[in-house]
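Spelled out from the first residue to the last, the chains are:
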Amino acid sequence: MGFLDVVLGRSKPVRPDLDRLFALPSAAVTLRAGAGFAPTGAGSVCFASVEGGAFERIREDVRALLDADTGRGGVPVEFGRDSYGYTWLLARQPADDTAALVNDLHAVNTLLEEGGFGPQLLCSLVGFRDAAERPLALVYLYKRGTFYPFAPLPGDEDRRDNALELQVRALLEGELPIERDLSRWFPVWGAPGL
């Protein structure tokens, strides 16, 4: 960080720590015990797509890596685009194997980062549901290195359960690095895996 950065109040961005994703299986146990939310076995990675051969090769590498177990009953990875033009990769594992799902999400993030596409990564999320089928996601903000809960209200596409999000924040503060700035708890409406 240079002199002008200090004078103008600019700060160095937080270096993402992808290994923080490995705290999710433990947080899932706490979330189930403390709030009754169980993992769904679905998770996704969101990134801004880039045109070109290098990006397409990495995308195919990701597909080949995550689809390696489809011959043994694994579910193929799915790619989709949202209304904002971002690409979502949806991965699935058995609901009771959050560690395998996190390994998949970590592998995708790592391949994109090592391929020089780290700046295109936006977030990763893991989906949960409670006995009443209320959806919840734990969202990892790649550029901040933090997590936040996102709880859309069922049947209402543009409202969220803020009380539940704050309850989950309080429950998981000791387990995950929770994003302190609530204005960065971006809604991820219709995200695959939610």
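In what follows, the accompanying structure is described. Worth saying up front: this structure is predicted, and the values here are computed from it rather than measured.

So, how was this worked out
- Residues numbered from 1 in each chain as written.
- Predicted model: local features only at pLDDT ≥ 70, side-chain atom pairs only at ≥ 80, totals over all residues.
- Heavy atoms only, no water.
- Pairing = 2+ DSSP bridges.
- Helix = DSSP H or I, 4+ residues; strand = E, 2+ residues; numbered from the N terminus.
- Axes fitted to C-alpha atoms, helices over the stretch in contact; angles between N-to-C directions.
- Contact = heavy atoms within 4.5 Å.
- Core = buried A, V, L, I, M, F, W, Y, C linked by side-chain atoms within 4.5 Å.
- Buried < 20%, exposed > 50% of the residue type's maximum accessible area, 1.4 Å probe, protein only.
- Phe/Tyr/Trp six-rings, centres within 6.5 Å; stacked < 30°, edge-to-face > 60°.
- Arc of directions from axis to C-beta.

Thoughts on the sheet that holds strand E1 (residues 38-48)
Here's step 1: Read from one edge to the other, the open sheet built from six strands follows the order E2-E3-E1-E4-E5-E6, with strand pairing classed as antiparallel. On the outer flanks of this sheet lie strand E2 (78-81) and strand E6 (146-150), each paired with one strand and no other. Taking the axes of each pair of neighbouring strands and ignoring which way they run, one obtains an average angle of 25 degrees across the sheet.
Here's step 2: Sheet contacts for helix H5 (residues 162-172): strand E5 (135-141) and E6; angle to E6, the most-contacted strand, approximately 140 degrees.

Observations concerning the nonpolar core
Here's step 1: Leu89 and Val188 are the most contacted members of the largest nonpolar core, which has 49 residues in total.
Here's step 2: In this structure, Leu89 is in contact with Gly43, Ser44, Val45, Phe47, Val62, Leu66, Val77, Glu78, Phe79 and Val108, ignoring residues within four places of it in sequence.

Overview of the packing of aromatic side chains
Here's step 1: With the rule as written, the count across this model stands at three aromatic pairs.
Here's step 2: When the centroid spacing of 6.0 Å and the interplanar angle of 20 degrees are considered together, the rings of Tyr148 and Trp185 count as stacked. Of the two residues, Tyr148 sits in strand E6 while Trp185 sits in the segment after H5, which places them 37 residues apart along the sequence. The burial state of Tyr148 is the same as that of Trp185; both residues are buried.
Here's step 3: Consider the rings of Phe150 and Trp189, whose centres lie 5.2 Å apart with planes at 70 degrees: the pair is edge-to-face. You can see Phe150 sitting in strand E6 and its partner Trp189 sitting in the segment after H5, a full 39 residues away along the chain.

What about H5?
Here's step 1: Buried residues of H5: Leu164, Glu165, Val168 and Leu172, and no others. Seen along its axis, H5 keeps its buried residues to an arc of 100 degrees; they face one direction. When the buried face of H5 is taken as reference, the exposed residues oriented beyond 90 degrees from it are Ala163 and Ala170.
Here's step 2: Looking at the buried residues of H5, the elements they touch are helix H2 (24-35), E5 and E6.

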